[in-house]
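Fold and geometry: a report
As a plain string of letters, each chain reads:
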Amino acid sequence: MIFIFYAVILLLVLILIKDAYSKLHTIIAIVFFFVLLHFLLSMLVIPFLEKLLSYVHSVPYVAQLVYSALFYQVGSLISTIFEEQEYDSIGELVMIAVRIVLLTYWLTEFATVLSKFSSILEKLQ
Amino acid sequence: MNEILNIFLDPLKIAGQSILLIITYTVIFLSIEAYVPKFKKWADTLFIVVLVLTLGQTVMDAFSLMTQLAGIFSNFFLALYPIIMSLLVILNSVFSFIAWSPIIFFIFELLILLCERILIPAVSIALILDFCTRFIGEMSFGKASDLIRGSVMTIITATVLAIVTVLSFTGVAFFTIDKAIADPVKKVIEQTIPIVGSLIVQGFSIFNKYQSTATTVAGLSAMTAFWVAAFYPAGKLLIHAMTFKILAAIIEPFSSSTVSGLVDDVGKSLLVLCAVAFLLGIAFVFIWLILMVMTQLGVGKTF
């Protein structure tokens, strides 16, 4: 609930700034976005994830899954920031970077299984 | 005693563990999709990756178990042939009686070769094809893997039929046993276990002929030990395969058809592998039974 109040107050401040001093408006909007993102992560998302992970701490790969979903979401939020400023191509670059990071991580996890499987295939020959 | 119990409990433990694991993953993925809807495409792929990472070990264990088993059996048979053959020569009075032995040995040798060189690689290739079908999406190798599994099952059934035919043709069926008790049990097994059920029943009916004679030689406990040793791998694989089938049934309503289809396909492949292990088990028990019968003949007992 507190987060929604914060968001509404910041929205009001933004509208005020837009009317009073429109030249600085976009920069302050981006700053406010990161402030809100910080609040969201530290107040809601991270505590929620920790609670979720504490229930399933013995199950492997849950933490990696949850955090890669979070990482993807943050990446897509930042890319929408770029798109709002009409820098669509830079936003796409951010998304590509996010995808590559996720792929690299999961590929290294997967590589051990692949090498094991190929060793079994070698045994069969 | 504890260790023996563990041998039987371990596959069940793994089965329960993987069922719990999959239920947790389904819940996690459902909650991730609820919070991050954009992640759905990735989540579907990651679900498969996580399945492979966690349950892959079980499948690998199953395959390495089978390769080890085939190796052990081929060594074992090779070691046993000279003994049986020398027994044949020493007991030349009964040589005519068991004149079918060379054919049986030929069939067993062929069986081992078949398992080691063709059946197990074929099942693993079917598994890889299934994985590619589900993972790549646009390309489907489903027909190919079904074909491979079907032909492997055909080969297995044909081999079992060949063993039965040769045995009854050459007049081994001189040990008669009352089948009235065994029949209802067989029907139940045949109907409850999907693919391999009829195979197991077929095997039982072969052993019925031998069981009574061999038991008098080796004693009941020793016979039980042989049975357990021969069919423990097959039973373990059967539990693994049924686990995958159950998992596919559990997750089907909650996840994409890709994931449940992959799990189901893995279950099918493991069932075929279980049939291969069962075939090896039949061969193993047969060799022992033949040895026992010959020893008995050599000692001079009559039936």
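Remember, predicted model here, so these are calculated numbers, not experimental data.

Attention shifts here to the overall build of chain A. Counting its secondary structure elements, chain A contains four helices and zero strands. Along chain A, helices (α) and strands (β) appear in the sequence α-α-α-α when read from the amino end. Its C-alpha radius of gyration of 21 Å places chain A more than 25% over the 14 Å reference for a compact globule of 125 residues. Overall, chain A is about 75 × 35 × 10 Å in size when its C-alpha atoms are taken along their principal axes. A buried classification covers 9% of the 125 residues belonging to chain A. In chain A, once contacts between residues fewer than 6 apart in sequence are set aside, the share between residues at least 24 apart is 40%.

The interface of chain A with chain B comprises 21 residues on the first partner and 22 residues on the second. Those elements that place two or more of their residues in the side of chain A that touches chain B are helix H3 (62-84) and helix H4 (88-124) of chain A. The residue inventory of the side of chain A that touches chain B, partitioned by class, reads 16 nonpolar, two polar and three charged.

With 34 residues, helix H1 (residues 2-35) of chain B should reach 50 Å at 1.5 Å per residue; the first-to-last C-alpha distance of 47 Å fits that figure. Of all the bends in H1 of chain B, the greatest, near 40°, is centred on Leu9 of chain B, and the proline Pro11 of chain B appears no more than four residues after it.

All names here are of chain A. For the pair helix H1 (residues 2-20) and helix H2 (residues 25-55), the least separation of the axes is 11 Å and the interaxial angle reads 175°. In this view, H1 runs roughly antiparallel relative to H2, as classed from their interaxial angle. Where H1 approaches H2, its residues Phe3, Tyr6, Ala7, Leu10, Leu14, Ile17 and Lys18 are matched on the opposing element by His25, Ile28, Ala29, Phe32, Leu36, Phe39, Leu40, Met43 and Leu44. Per-class residue counts for the contact of H1 with H2 are 14 nonpolar, one polar and one charged.

Time to look at the environment of Pro253 of chain B. All names here are of chain B. Within the element layout of this structure, Pro253 appears in the loop between helix H7 (220-251) and helix H8 (257-299). Assessed through the 8 C-beta atoms surrounding it within 10 Å, Pro253 is described here as exposed. The spatial distance from the C-alpha of Pro253 to the C-alpha of Ile156 is 34 Å, given a sequence separation of 97 residues.

Basis of the calculations
- Residues numbered from 1 in each chain as written.
- Chains lettered and ligands numbered in written order.
- Predicted model: local features only at pLDDT ≥ 70, side-chain atom pairs only at ≥ 80, totals over all residues.
- Helix = DSSP H or I, 4+ residues; strand = E, 2+ residues; numbered from the N terminus.
- Rg over C-alpha atoms; globule rule 2.2 N^0.38 Å.
- Buried ≥ 20, exposed ≤ 12 C-beta atoms within 10 Å, placed from the backbone.
- Contact = placed C-beta atoms within 7 Å.
- Nonpolar A, V, L, I, M, F, W, Y, C, P; charged D, E, K, R; others polar.
- Expected span 1.5 Å × (residues − 1).
- Bend = angle between axes of the 7 residues up to and from the residue.
- Axes fitted to C-alpha atoms, helices over the stretch in contact; angles between N-to-C directions.
- Parallel < 35°, antiparallel > 145°, perpendicular 65-115°, else oblique.

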